[in-house]
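Spelled out, the chains give:
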4 protein chains.
Amino acid sequence: MLTEHEIELRVRYSETDAMGFLHHSRFFSYFEIGRTELFRAGGGDYRAMEDGGLLLVVVKAECKFRSPARYDDVVTLRTKIVRVGPVKLEHDYELTRDGKLLATGHTVLGRVDREGIVQRIPDEILSSIQEQE
Amino acid sequence: MLTEHEIELRVRYSETDAMGFLHHSRFFSYFEIGRTELFRAGGGDYRAMEDGGLLLVVVKAECKFRSPARYDDVVTLRTKIVRVGPVKLEHDYELTRDGKLLATGHTVLGRVDREGIVQRIPDEILSSIQEQE
Amino acid sequence: MLTEHEIELRVRYSETDAMGFLHHSRFFSYFEIGRTELFRAGGGDYRAMEDGGLLLVVVKAECKFRSPARYDDVVTLRTKIVRVGPVKLEHDYELTRDGKLLATGHTVLGRVDREGIVQRIPDEILSSIQEQE
Amino acid sequence: MLTEHEIELRVRYSETDAMGFLHHSRFFSYFEIGRTELFRAGGGDYRAMEDGGLLLVVVKAECKFRSPARYDDVVTLRTKIVRVGPVKLEHDYELTRDGKLLATGHTVLGRVDREGIVQRIPDEILSSIQEQE
């Protein structure tokens, strides 16, 4: 399994706030893009997985904000899988601009069904992930 | 100083995602509304404060998601100030629907100038807050 | 059928942009809230309707922006149904602050199925709406 | 002046709604990205222009929605300048996926100062734009 991945994102006008900064809630949407792209880079397809009924929801999310990003800034997001277990996946994130650290983040994902009830990640999926590690 | 406050919010269609749930990043925007309204309920005016050059930025934010919220749900947000210091303010949050806990959160705010550099909260403001406690 | 309705909304920090204004795309989300609340005020329940398989999608949307709204502004949204037909519903909107016109809007909604294909609004629903007029 | 430009965008999870579609208000944010990138492709820098005090605001926006976009879809946005005048700029937009038309849009931008009051676009800027045409 590919466990680390880097993408660039350009801050959109609609993502800024009246302070002129990328709104803090948007960092969590960036992290989500990082997860999708890390999964894709490893050959996965999150949309197909979800169409197949495996929903991954964010169980916990945190972010430490060091320095703001502004409209039109190009920022680099590094996403890392740091733990894989039967009911959860954990990722770390680093957002930088020209090598300067803007934020670090951490999320825990869990599997739920369409009613939002937590479910164990199926063994066959889990073992296929672990085999790839 | 008023240190605790409760508001109701109705989940908007534009805040949901393809899973049918309130998108996880939106909880942080709800927390921000809770802070604004707690401050207003205590006689403060965050917008006037910001116009006066005192910017409070989120330095750290975390949320534990227990159960999803859906379009048109009416949710109750309880916001509490849990620590006031010379360079930061800390809040706790609880989001519920009909008494059921949906999420808990915690944020740390710091003061910055318009360049995004951390600044000490001025003594006169700090002491006025502490006198009110 | 109730054909006109007014609500108040307070501009959220996360809805502003670097110019300090309510971002122009947000006006369309406000209009959507206006439609939901107009429908609710008339005894309807958009969420139940959608759970029942009747999806209404925006087929056309337009907005003329006259004056900006800022963080923490309380704005008044007036929503009016201006046309009801077998495949579409049309609404007009007026957004004001203290009587000053900020924006006017117009939307056309059509009915689609879950694949996004346009469908005729069922006669029984249409006639019940028209009976109420 | 470069008057036409094409970019690709991938629909983000946070941009979808409970119907599973890219939320209709997001199309207007996509159009904004199209304008920024068209301007950049022609050698302009919208952020620098705004830092210099020239704010362009959306005076009118409209969109016709033909077919929905879903999470992870790669869509193509074609942005065209269709009119340049002393107080406004007009753009047309076409959003497609694999050649299929999803939406068409049109916006009118006007110049405002920091108070939101409409201003004439300065002759030197206007003539430089027109010279490039």
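Residues numbered from 1 in each chain as written. Chains lettered and ligands numbered in written order. Predicted model: local features only at pLDDT ≥ 70, side-chain atom pairs only at ≥ 80, totals over all residues.

### Considerations on the overall build of chain A
Condition: Numbering of helices and strands starts at the N terminus; helices are DSSP runs of H or I of at least 4 residues and strands are runs of E of at least 2. Counting other C-beta atoms within 10 Å of a residue's C-beta gives its exposure: the residue is buried at 20 or more, exposed at 12 or fewer, and partly exposed in between, where C-beta atoms are placed from the backbone. Two residues qualify as a contact pair if the distance between their C-beta atoms, derived from the backbone, is within 7 Å.
Helices and strands together make up the secondary structure of chain A, namely three helices and six strands. Secondary structure elements in chain A, listed N-terminal to C-terminal, are β-α-α-β-β-β-β-β-α. Taking all 133 residues of chain A together, 37% fall into the buried category. In chain A, 66% of the contacts between residues at least 6 apart in sequence involve partners at least 24 apart.

### Observations concerning the relation of the copies chain D and chain A
Quick note on the threshold: Alignment of the copies relies on least squares applied to C-alpha atoms, considering only residues that score at least 70 for pLDDT in both.
Expressed as a screw operation, the relation of chain D to chain A combines 0.0 Å of axial shift with a rotation of 180°, fitting to an RMSD of 0.0 Å. What we have between these two chains is a two-fold relation. Mapped onto chain A, 100% of the interface residues of chain D are again interface residues, and the two copies thus contact each other with one and the same surface.

### Let's talk about the interface of chain A and chain B
For the record, the criterion: Pairing between strands is defined by DSSP: at least two bridges between them are needed.
Each side of the interface is counted separately: chain A has 20 residues, and chain B has 20 residues. Elements supplying a minimum of two residues to the side of chain A that touches chain B: helix 1 (26-41) and strand 2 (55-65) of chain A. Of the residues forming the side of chain A that touches chain B, the biggest block, ten residues, is contributed by strand 2 of chain A. Alignment of strand 2 of chain A against strand 2 (residues 55-65) of chain B, held across five bridges, turns out to be antiparallel. Considered in strand 2 of chain B, the bridge of K64 of chain A is made with K60 of chain B.

### Concerning unusual backbone geometry
With a phi angle near 80°, D72 of chain B is a residue other than glycine that sits in the positive phi range. Here D72 of chain B lies in the loop between strand 2 and strand 3 (74-84). Phi at D98 of chain D takes a positive value of approximately 50°, unusual for a residue other than glycine. Along the chain, the position of D98 of chain D falls in the loop between strand 4 (88-97) and strand 5 (100-112). For D98 of chain D, a count of 8 C-beta atoms within 10 Å translates into the label exposed.

### Remarks on helix 1 (residues 26-41) of chain D
Residues and elements named next belong to chain D. Spelled out, the test is: In this scheme, a helix's expected span is set at 1.5 Å multiplied by one less than its residue total.
Here helix 1 spans 22 Å end to end across 16 residues, near enough to the 22 Å set by a 1.5 Å rise per residue. Within the sequence span of helix 1, burial applies to R26, F27, F28, S29, Y30, F31, E32, G34, R35, T36, L38 and F39. Directly after helix 1, the chain includes G43, whose backbone phi takes a positive value near 95°.

### Description of the interface of chain D and chain A
Which entries qualify depends on this criterion: Classification convention: Asp, Glu, Lys, Arg as charged; Ala, Val, Leu, Ile, Met, Phe, Trp, Tyr, Cys, Pro as nonpolar; all other residues, Gly among them, as polar.
Of the residues lining the interface, ten residues belong to chain D; the matching set on chain A comes to ten residues. At four residues, helix 1 of chain D tops the list of elements feeding residues into the side of chain D that touches chain A. Here the residues of the side of chain D that touches chain A sort into three nonpolar, three polar and four charged.

### Here we look at the relation of the copies chain A and chain B
Screw-axis analysis of chain A against chain B gives a translation of 0.0 Å along the axis, an RMSD of 0.0 Å, and a rotation angle of 180°. The share of interface residues of chain A whose copies in chain B are also at the interface is 100%, consistent with both copies meeting through the same surface.

### What to know about the pairing of strand 4 (residues 88-97) of chain B
Residues and elements named next belong to chain B. In this sheet, strand 4 lies alongside strand 3 in antiparallel orientation, the contact comprising eight bridges. Bridging across to strand 4, K80 finds its partner in D92. As consecutive antiparallel partners, strand 3 and strand 4 are separated by three residues. Between strand 4 and strand 5 (residues 100-112), which pair antiparallel one after the other, the connecting turn spans two residues, and D98 there sits at a positive phi close to 55°.

### Some words on the nonpolar core
To keep it simple, the criterion reads: Buried Ala, Val, Leu, Ile, Met, Phe, Trp, Tyr and Cys residues form a nonpolar core when they are connected through C-beta atoms within 7 Å.
Within the largest apolar cluster, 113 residues are counted, with the highest numbers of intra-cluster contacts made by L95 of chain A, L95 of chain B, L95 of chain C together with L95 of chain D. Per element, the largest residue contribution to this core is six residues, and it comes from strand 2 of chain B.

### Here we look at the environment of A18 of chain A
With respect to the secondary-structure elements, A18 of chain A resides in the loop between strand 1 (4-10) and helix 1. Contact partners of A18 of chain A, with chain neighbours within four places excluded, come to Y13, T16, G20 and Y71 of chain C.

### Points about the pairing of strand 5 of chain B
Residue and element names in this part refer to chain B. As judged from the ten bridges shared by strand 2 and strand 5, these two strands associate in the antiparallel manner. What sits directly across from C63, in strand 5, is G105. By the bridge criterion, ten bridges tie strand 4 to strand 5 in an arrangement that is antiparallel. Along strand 5, the bridge assignment pairs K88 with G110. Two elements, strand 5 and strand 6 (residues 118-119), share two bridges in a ladder whose sense is antiparallel. Bridging from a neighbouring strand, R111 pairs with Q119 of strand 6.

### As for the environment of F31 of chain D
Mapping F31 of chain D onto the fold places it in helix 1. Considering only alpha carbons, one finds F31 of chain D and A61 of chain D, 30 residues apart in sequence, at a separation of 9.7 Å.

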